[in-house]
2 protein chains.
Amino acid sequence: MPKPSAIEVVAETETNQADNSRRRFLNRMAQLTAGGVGGIIANQVNASTPGSVEYAVPKDPTKVQGREPSLDKGYGTRSQFETETRLHLSAPNKQVSVSFTPLENSRGIITPSGLHFERHYAGIPTIDPNEHQLFIYGLVDSPQKFSIDALKRFPSQTRTHFIECSGNSYSEWRKPTKQSVQETHGLTSCSEWTGVLLSTVLKELGVKKNASWMLAQGRDASSLIRSIPIEKVWDDAMLVYAQNGEAIRPEQGYPLRLLLPGFEGNTNVKWLHSLKFTDQPMLSRWETSHYSDLYEDGKSRLFSLTMDAKSVITFPSAGMHLDKTGFYEITGLAWTGQGRVKSVEVSVDDGKTWQKAMLQTPLLPNCHTRFRLPWEWNGELAVIQSRCIDETGYVQPTVTQLIAERGLNSFYHQNGIQSWVIDKDGYVSNTHRT
Amino acid sequence: MPKPSAIEVVAETETNQADNSRRRFLNRMAQLTAGGVGGIIANQVNASTPGSVEYAVPKDPTKVQGREPSLDKGYGTRSQFETETRLHLSAPNKQVSVSFTPLENSRGIITPSGLHFERHYAGIPTIDPNEHQLFIYGLVDSPQKFSIDALKRFPSQTRTHFIECSGNSYSEWRKPTKQSVQETHGLTSCSEWTGVLLSTVLKELGVKKNASWMLAQGRDASSLIRSIPIEKVWDDAMLVYAQNGEAIRPEQGYPLRLLLPGFEGNTNVKWLHSLKFTDQPMLSRWETSHYSDLYEDGKSRLFSLTMDAKSVITFPSAGMHLDKTGFYEITGLAWTGQGRVKSVEVSVDDGKTWQKAMLQTPLLPNCHTRFRLPWEWNGELAVIQSRCIDETGYVQPTVTQLIAERGLNSFYHQNGIQSWVIDKDGYVSNTHRT
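Each residue is numbered by its place in its chain's sequence as written, counting from 1. Labels follow written order: the first chain is A, the first ligand is 1, and so on. For this predicted model, a pLDDT threshold of at least 70 governs which residues receive local features, and a threshold of 80 or more governs which side-chain atom pairs are given and counted, while totals over whole chains, interfaces and linings are taken from all residues.

1. Thoughts on the overall build of chain A
The numbering of helices and of strands both runs from the N terminus, where a helix is a DSSP run of H or I of at least 4 residues and a strand a run of E of at least 2. For chain A, the count of helices and strands is 7 helices and 24 strands. With 434 residues in all, chain A has 52% of them scored as buried. Here exposure depends only on C-beta density: within 10 Å of a residue's C-beta, 20 or more other C-beta atoms make it buried, 12 or fewer make it exposed, and intermediate numbers make it partly exposed, the C-beta atoms being placed from the backbone.

2. Some details on the nonpolar core
Here a nonpolar core is just a set of buried residues of the types Ala, Val, Leu, Ile, Met, Phe, Trp, Tyr and Cys, joined wherever their C-beta atoms sit within 7 Å. Among the nonpolar cores identified, the biggest contains 62 residues, and Ala-334, Val-344 and Ile-384 of chain A together with Ala-334, Val-344 and Ile-384 of chain B are the most heavily contacted of them. Whether two residues are in contact depends on their C-beta atoms, placed from the backbone: they are in contact if these lie within 7 Å. Filtering out sequence-adjacent residues up to four positions away, Val-344 of chain A remains in contact with Ser-311, Ala-334, Ala-357, Leu-359, Phe-371, Ser-386 and Cys-388 of chain A.

3. Structural notes on the relation of the copies chain B and chain A
Each of the two copies of the chain can be brought onto the other by a rotation about an axis and a shift along it. To superpose the copies, least squares is applied to the C-alpha atoms of every residue with a pLDDT of at least 70 in both. For the pair chain B and chain A, the best superposition has an RMSD of 0.0 Å and corresponds to a rotation of 180° with a translation of 0.0 Å parallel to the axis. Each copy turns onto its partner about a two-fold axis. In this assembly the copies share their binding face: 100% of the residues contributing to the interface of chain B also contribute to that of chain A.

4. A short note on the pairing of strand S7 (residues 188-197) of chain A
Successive side chains on a regular strand alternate, one facing one side of the sheet and the next facing the other. Residues and elements named next belong to chain A. Most of S7 is tucked away: 10 of the 10 residues are buried. Strands are treated as partners if at least two bridges between them are detected by DSSP. For strand S6 (residues 157-164) and S7, the ladder comprises 8 bridges, and the chain directions are antiparallel. Bridging from a neighbouring strand, Glu-164 pairs with Thr-188 of S7. The sheet contact formed by S7 and strand S10 (residues 238-243) spans 5 bridges and is antiparallel.

5. With respect to the sheet that holds strand S21 (residues 369-377) of chain A
Residue and element names in this part refer to chain A. With antiparallel pairing, the 4 strands of this open sheet are ordered in space as S16-S17-S21-S20. Of all strands in the sheet, those with a lone pairing partner are strand S16 (310-315) and strand S20 (358-359), marking the two edges. The sheet contact formed by S20 and S21 spans 2 bridges and is antiparallel. Directly across from Met-358, in S21, lies its bridge partner Arg-372.

6. Comments concerning the interface of chain B and chain A
Listed per partner, the contact involves 88 residues of chain B and 88 residues of chain A. For the side of chain B that touches chain A, the elements supplying multiple residues, two or more each, are helix H1 (15-35), strand S1 (87-90), strand S2 (97-100), strand S3 (118-120), strand S7 (188-197), strand S11 (246-247), strand S17 (326-335) and strand S21 (369-377) of chain B. Broken down by element, the side of chain B that touches chain A gets its largest block of residues, 4 residues, from S17 of chain B. All residues other than Ala, Val, Leu, Ile, Met, Phe, Trp, Tyr, Cys, Pro, Asp, Glu, Lys and Arg, Gly among them, are scored as polar; the first ten of these are nonpolar and the last four charged. Of the residues that constitute the side of chain B that touches chain A, the class distribution is 33 nonpolar, 32 polar and 23 charged.

7. As for the confidence of the model for chain A
Residue and element names in this part refer to chain A. Each residue carries a pLDDT score, the predictor's confidence in it, ranging from 0 to 100. Confidence along chain A averages 89 in pLDDT terms, with 87% of residues attaining 70 or more. When the criterion is pLDDT under 50, residues 1-47 qualifies, and its contacts beyond four places in sequence or with other chains add up to 68 contacts. Our summary of model confidence lists the complex with pTM equal to 0.90 and ipTM equal to 0.89.

8. Some thoughts on the sheet that holds strand S8 (residues 213-218) of chain B
All names here are of chain B. As summarised here, the arrangement of the 5 strands in space is S5-S4-S13-S8-S9, forming an open sheet in which the pairing is mixed. Either end of the sheet is taken by a strand with one partner, and the two such strands are strand S5 (144-147) and strand S9 (225-229). Averaged over all pairs of adjacent strands, the angle between strand axes in this sheet comes to 20°, irrespective of strand direction. Relative to S5, strand S4 (residues 133-138) is paired through 4 bridges, and the arrangement is antiparallel. To obtain each axis, a line is fitted to C-alpha atoms, and for helices this fit is confined to the stretch in contact; angles are then taken between N-to-C directions over 0 to 180 degrees.

9. Concerning the environment of Val-312 of chain B
All names here are of chain B. Examined against the element boundaries, Val-312 turns out to sit in strand S16 (residues 310-315). Of the residues examined, Val-312 has 25 C-beta atoms within 10 Å and is grouped as buried. With 106 residues separating them in the primary sequence, Val-312 and Gln-418 have C-alpha atoms 6.2 Å apart. The contact partners of Val-312, leaving out residues within four places of it in the chain, are Val-181, His-185, Gly-332, Leu-333, Ser-386 and Gln-418.

10. Examining unusual backbone geometry
Here the residue pair Phe-315 of chain A and Pro-316 of chain A is connected by a cis peptide bond, since its omega of -5° sits within 30 degrees of zero. Looking at the secondary structure, you find Pro-316 of chain A in the loop between S16 and strand S17 (326-335). Of note, the phi angle at Ser-169 of chain A is positive, near 70°, even though the residue is not glycine. You will see that Lys-73 of chain B, though not glycine, has its phi angle at about 60°, which is positive. Tracing the chain through its elements places Lys-73 of chain B in the loop between H1 and S1.

11. A word on the environment of Thr-158 of chain A
Assignment of secondary structure puts Thr-158 of chain A in strand S6. With 21 C-beta atoms packed within 10 Å, Thr-158 of chain A lands in the buried category. Measuring from C-alpha to C-alpha, the distance between Thr-158 of chain A and Val-196 of chain A comes to 8.5 Å, with 38 residues separating the pair along the chain. With residues up to four places along the chain from it excluded, the contact list for Thr-158 of chain A reads Glu-192 and Thr-194 of chain A together with Arg-107, Gly-108, Gln-360 and Arg-370 of chain B.

12. Re the environment of Glu-231 of chain A
Its location among the elements puts Glu-231 of chain A in helix H5 (residues 230-235). Each C-alpha atom, one on Glu-231 of chain A and one on Ser-212 of chain A, is 8.0 Å from the other, the two residues being 19 residues apart in sequence.

Structural data, given as structure tokens:
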């Protein structure tokens, strides 16, 4: 009798094989029980969590052959024990949607592509890269269209940058509301992007001297169009086709996205389809009714494009529980659209004193920066906060300062200091306002 | 009549929903045809590729609502048009297995976790992180065991490092054989790792002065055990639980891996279960019959742990075709286990002349480094090569030099210069030996 293996696929990604597989698994379990190999029992046979495949768990993995790597058909999945997901919110008409990155479990600075936040106005289009084209026209000497393959032949660049929705932390303007860092700050994510500098492509077709703006539009059904100042176009704008070492994900703009390092998320147009050079901004609805900041006097701040310095403590954060006193490492993320983070300060006493956190190197421009601070919790109520200082000298403000400056009409660009309150029982919540 | 949407799931990862989904899709397609919305047609309704979910492709994505983000249940997948996979090889008894990263399509330096190479001796164990423990014992003052949660409470570090199997490029010792860079060099990958420095943990339990080696063993059925010099333990060894921003993948050692930056792959013990401090190496079979380099005179080089400087051109590479003359960007990866890459030189004339390639910053120690060189192909036969020089001054050798030094008995640590030949018709192959 051959040595039995307890490792069988319980649920697979391939529809046609799953039923067979489950049958095989049940048969195998019956064999195992009959054969008296009682130690080898599947103790978790549920439906698989998103992004994973469920396997039986042996009591002693050193006594049974592991699963065949080929079961994943050449593209691996995460462990079945990892269950964190993006939090999706949809409007009733399902046309407007948003999802938040689970920052509370973030490690390092890279956001897994499967957990990158999303903000869509007409869902995610499915686009065949072989027939997709980028049109560049308007105030240029020779309008051209480029296939994805053509863009990949240009000299390439790789850069790690965050993208943050300017609506990130919008819920926290008037008072603390959300009880997780995923909900308060989960509209920022960070990836390694590869593509071609837009300036490299533009040298091929000649931009006229009177071109002062570029209108970028995507190929979804939302008709989102944004006007980009020409200075940004020449500075560091990129056409990106890769994210974290593989093709850019569908929900991030597959097969092509405009990347504007440090600019608010929606200007990094997804499913990029056309770039039109003009001598004035379009003042599209994405620049007037959306993504502008309405002051108390009825005037609006338009084209508030650069994301200001911001930070948040991801551990400990709201919804967590510290089950004992003693050592904890406070950690979080800081970022700025103005270049590099210069320092991050952390307070554990409600802002009375501040200590410099350690910053994980390398420090990259317009990139998430991981900060850490060792901390001994003494079991007393503690209010913990972080503030980011960027290389321009700008200091992340309190929400009170933000409100004094901009009022309460708008909810974009909320980069105020976030407080988490740890009570005497170790429960962490979002109830404190500086 | 409600506006029809052509975007329906054709295949889903969840078994129970897939049949319903396909039925819904077929119904919807029938409705669309009946309704005369002829422009909206699914032109790709195949089984989904690994790591993706298949959706119908509308002719004009700007005219139909995109798919709901919530369809992915909170963890995204890649595009259905992206089909690159790890190449799996299995021995007849299925106990020994290997898979290769598709480097030909690599971008930047991060390897997507789903495409990280694998080398297993007893398959992939499924381990419940809640009951997994790391035992540290032997020549220590107080032996201890640590849960994963306990290890996560220590001060953490994030570092981006390559891991290369010392058998990488083994097939190319005697003569060029494999016709893709995936097969010649695909046993190296690079990730952002997060965990705790082993030295930080060891300070808790006190390592005795006579401890000169550490034996590391994993929790799979292979009993793989490796002896690590104590200097490496104190220098930069890490216990890692995260990879590319999320939990380490099952095939990379979930829930815990030993990371030894720059050391040969197998010493980075996966599913790490125990660390025993001793005053001598174990000389396990993984250190004598495996992973030692047999010289011509019958003697063996043991503990050849550090990976030497190496590089390979990933584009253009064997199996590709250049369909026209003109501009191409030659690009590839370089790395060394001796710290940082100092420079990479590229030859396009069979080694007669060498040019310095551009290196993508930041330059990180023991990390893949992306290099690039602009090139005009004139349509003539060309032999292209790269060589890596690391910060110690070591220069990547030719294979001929390697053979002169070590003979032909061993196949580990083949870091020779790789040549690709581009013929007059633009076909790229691996037929040339320097």
